[in-house]
Amino acid sequence: MAGTVVVLNGPNLNLLGEREPEVYGRETLADVEALCRTTAAEAGLEVDFRQSNHEGDLVDAVQEVRRSAVGLVVNAGALTHTSVALRDALATVVGPVVEVHISNVHAREEFRHHSYLSAVSDAVIVGCGVQGYAFAIARVATVARER
Ligand code: DQA
């Protein structure tokens, strides 16, 4: 299968590896990108990997790729719990959308238990560490193949 999986990362994920390592681990966002590329390559897919601290940039990115992407993997960070705008953008994505959280958000503060994005995602992966990104890409490849 040819095509591109888009991986979008939200606020503060650029600090992965140094930010609260007891919660998010020691791997950096560059490590996550490498993991995504390796996993996607096994399915014959390319990766377009992005991070932004700005809600509007993420909405713009979703709009840019919503038709062309084979699927979309999104860890929106804190915007998960606040952003109707990102939710509305993700609802327009043609391919499968997989929401990822490195930590188990359900075992954390109450405000992390609700996601605006889950209802418009095909799958949600939480608490698997950065390996969740690999699971998400594998899932995008499977769903895209089935469609
Ligand atoms: C996160 C969980 C969010 O609650 C938090 O704001 C993040 C990271 C995760 O990957 O576990 O920035 O999305």
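So, here is what we can say about the structure in this document.

## Concerning the side chain of asparagine 75
Line of reasoning, step 1. Mapping asparagine 75 onto the fold places it in strand β3 (residues 71–75).
Line of reasoning, step 2. Classification of asparagine 75 as buried rests on a relative accessible area of 4%.
Line of reasoning, step 3. From its side chain, asparagine 75 meets the backbone nitrogen of glycine 77 in a polar contact 3.1 Å long.
Line of reasoning, step 4. Among residues more than four places away in sequence, those in contact with asparagine 75 are Leu8, Asn9, Gly10, Leu13, Val100, His101, Ile102 and Tyr133.

## A few points about the site of the ligand
Line of reasoning, step 1. Neighbouring the ligand are Arg19, Tyr24, Asn75, Gly77, Ala78, His81, His101, Ile102, Ser103, Val105 and Arg112.
Line of reasoning, step 2. Note that an oxygen atom of the ligand is positioned 3.1 Å from one of the backbone N or O atoms of alanine 78.
Line of reasoning, step 3. Within the side chain of serine 103, one N or O atom sits 2.6 Å away from an oxygen atom of the ligand.
Line of reasoning, step 4. In isolation the ligand exposes 330 Å². Once the protein is present, 99% of that is buried.
Line of reasoning, step 5. Cavity membership is defined here by more than half of the atoms lying within 2 Å of grid points; on that basis the ligand lies in the largest pocket.
Line of reasoning, step 6. Considering only residue class, the shell around the ligand consists of four nonpolar, five polar and two charged.

## Overview of the sheet that holds β3
Two orientations exist for strands paired in a sheet by backbone hydrogen bonds: parallel and antiparallel.
Line of reasoning, step 1. Reading across the sheet, the five strands line up as β2-β1-β3-β4-β5 and stay open at both edges, with parallel pairing between neighbours. With one partner strand each, in any of the chains shown, β2 (46–51) and β5 (123–126) form the two edges of the open sheet. In this sheet, adjacent strand axes meet at a mean angle of 15° when their direction is disregarded.
Line of reasoning, step 2. Pairing geometry for strand β1 (residues 4–9) and β2, over six bridges, is parallel. Residue pairing in the sheet places asparagine 9 in a bridge with glutamine 51 of β2.
Line of reasoning, step 3. Strands β1, β2 and β3 of the sheet are contacted by helix α3 (residues 55–65), whose axis makes an angle of about 170° with β1.
Line of reasoning, step 4. Lying on the sheet, helix α5 (residues 131–146) is in contact with β1, β2, β3, β4 (97–101) and β5; it crosses β3 at an angle near 160°.

Rules and cut-offs
- Residues numbered from 1 in each chain as written.
- Predicted model: local features only at pLDDT ≥ 70, side-chain atom pairs only at ≥ 80, totals over all residues.
- Heavy atoms only, no water.
- Helix = DSSP H or I, 4+ residues; strand = E, 2+ residues; numbered from the N terminus.
- Buried < 20%, exposed > 50% of the residue type's maximum accessible area, 1.4 Å probe, protein only.
- Polar contact = N/O pair within 3.5 Å; in protein donor to acceptor, adjacent residues only side chain to side chain.
- Contact = heavy atoms within 4.5 Å.
- Near = heavy atom within 4 Å.
- Areas by Shrake-Rupley, 256 points an atom, 1.4 Å probe, with all protein chains shown as cover.
- 1 Å grid on protein atoms, 1.4 Å probe; cavity = no way out; pocket = protein on both sides within 12 Å on 5 of 7 lines; lining within 4 Å.
- Sits in = over half its atoms within 2 Å of the grid points.
- Nonpolar A, V, L, I, M, F, W, Y, C, P; charged D, E, K, R; others polar.
- Pairing = 2+ DSSP bridges.
- Axes fitted to C-alpha atoms, helices over the stretch in contact; angles between N-to-C directions.

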